[in-house]
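As a plain string of letters, each chain reads:
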Amino acid sequence: MDRLDNTIRPYAWGSPTAIPHLLGTEPTGEPQAEMWMGAHPGAPSRTERGTLVEVIDTDPQRELGDRAVARFGPRLPFLLKLLAAGAPLSLQVHPDLTQAKEGYQDEERRGIPVDAPHRTYKDANHKPELICALTEFEGLCGFRHPLRAAALLDGLDVDSLKPYVDLLHAHPEEAALREVLTAVLTADPDDMARTVTAAAAACDRLGGDYAPYAGIAHHYPGDPGVIAAMLLNHVRLQPGEALYLGAGIPHAYLSGLGVEIMANSDNVLRCGLTPKHVDVPELLRIVRFEPGDPAVLRPEASPDGEEVYETPIDEFRLSRYVLPEGSDTHDLTRDTPQILLCTAGTVRAGEHPLAPGQSVFVPAGEKTEVSGTGTLFRATVIV
């Protein structure tokens, strides 16, 4: 079992206080957006044996277990994060596995460098993800019913939005959503900037259900993503609640602290709320224009005290243990690799005491007992 030393990424949208507060450290004044736990080459966790990438590469069979290597190859298939949003993240979607492979191979054939700003596919993997709230957490997830989106836009009383309102009343629903998103993202930039400015002023004046979009527009003035965001469901998670985000589901995180887990990929197609490249044709190929209410996940408890967040993929499995004072020791031994993260209290994993924000990597098959008082998240795979 290896204690992890993890990198904190200072993305501009990060909260300057949420992660330091959890870790019990002094804020630096700079944004601290994500703390990465895993073997992603961009910021692998460090151990006394070397980086987690080096540790796994030395003996994948021992570290990951035979079944995980046979299923996913000689790499850790998930990345675990603490995510602290102090401002909205970009509005985005992720491809499915087939789309990712096709897109990656196409850009490789065309000779687009992987680090080029107009490159879309950084790898050939999909990127399903799960976010579990540690504090109240706000986000956008999936398309609203078109009539609900039309009512929201119509309530702003902005003349340049009226054509979109009319389109949203058309049928079938998926075609209406596609046509409106396409129109928003391909509109004349100057015209759209004026529309966004007028919509933002109306949102600020009206408040209530419009307040989140006033906040988004404050961070991204004139961005067409502000209008695109109004097509999506606004979601507020309470601590312990989660969202699963599969392929093609447009989403954005707005504020809050959470534990995020995802397949080990960096494939993101952006819809807006960003200065980065937006590949509109490819985005429209990937997005699933299916309206519906987002499914908020709550953990399913098992007799041994493990609370599991069920998802339909195998690259990761996230669960938690809420350990009351005086609780029994739990045996977490498993024949797959694990990362254990403490988020509250003091928990002991093997010989390692873990305070909030501290984590360990557990090789496959290693005897693992946990005890203490607090909350422990467990990340592994399904094979």
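Above this text sits the structure in question.
Anyway, here's the lowdown on the structure attached to this text. Here the structure is a predicted model, which is why all the values come from computation and not from measurement.

About the cut-offs
- Residues numbered from 1 in each chain as written.
- Predicted model: local features only at pLDDT ≥ 70, side-chain atom pairs only at ≥ 80, totals over all residues.
- Heavy atoms only, no water.
- Helix = DSSP H or I, 4+ residues; strand = E, 2+ residues; numbered from the N terminus.
- Expected span 1.5 Å × (residues − 1).
- Buried < 20%, exposed > 50% of the residue type's maximum accessible area, 1.4 Å probe, protein only.
- Arc of directions from axis to C-beta.
- Contact = heavy atoms within 4.5 Å.
- Polar contact = N/O pair within 3.5 Å; in protein donor to acceptor, adjacent residues only side chain to side chain.
- Salt bridge = Lys/Arg side-chain N within 4 Å of Asp/Glu carboxyl O.

What follows covers helix α5 (residues 97-109). An α-helix turns once every 3.6 residues. As a result, residues three or four positions apart point the same way. Between the first and last C-alpha of α5 there are 18 Å, a value that for 13 residues agrees with the 18 Å anticipated at 1.5 Å per step. When we look at burial in α5, the residues that qualify are Q99, A100, G103 and E107. For α5, the angular spread of buried residues about the axis comes to 100°, placing them on one side. In this fold, the buried residues of α5 make contact with α12 (280-286). N-capping of α5 is provided by D96, with a side-chain oxygen placed 3.2 Å from the backbone N of T98. Looking one or two places after α5, you find G111, whose phi comes out positive at around 70°.

Further remarks concern the pattern of salt bridges. Once their charged atoms are close, side chains differing in charge can pair, the charge on each being opposite to the other. Under the defined criterion, the tally for this structure stands at 26 salt bridges. Across the salt bridge formed by R285 and E102, the nearest N and O atoms sit 3.7 Å from each other. Remark: E102 occurs in helix α5 and R285 occurs in helix α12; sequence separation between them is 183 residues. Judged by its relative accessible area of 40%, R285 is partly exposed. The salt bridge involving D106 is made with R109; its shortest N-O contact spans 3.8 Å. One end of the pair, D106, and the other, R109, are both in helix α5, 3 residues apart, so they sit about a helical turn from each other. Each of D2, R49, R62 and E63 takes part in a single network of salt bridges with overlapping partners.

Moving on, we get to unusual backbone geometry. For the peptide bond that leads from H171 to P172, omega is -5°, which places it in the cis range. Considering the arrangement of structural elements, one finds P172 in the loop between α7 (162-168) and α8 (173-186). Residue D157 is not a glycine yet carries a positive backbone phi of 55°. Looking at the element boundaries, D157 is found in the loop between α6 (146-154) and α7. For L273, which is not glycine, the phi dihedral falls at a positive 60°.

Time to look at the environment of L76. Considering the arrangement of structural elements, one finds L76 in the loop between α4 (66-72) and β6 (78-85). Under the relative-accessibility criterion, L76 is labelled buried at 2%. Along the primary structure L76 and N264 are separated by 188 residues, whereas in three dimensions their C-alpha atoms are 7.6 Å apart. Those residues in contact with L76 that lie beyond four places of it in its chain are G38, A39, L52, I56, L64, N264, P337, I339 and F361.

Following the sequence through the fold, R67 ends up in helix α4. For R67, a relative accessible area of 43% puts it in the partly exposed group. Considering only alpha carbons, one finds R67 and E26, 41 residues apart in sequence, at a separation of 42 Å. Not counting chain neighbours up to four residues away, the residues in contact with R67 comprise D335 and V383.

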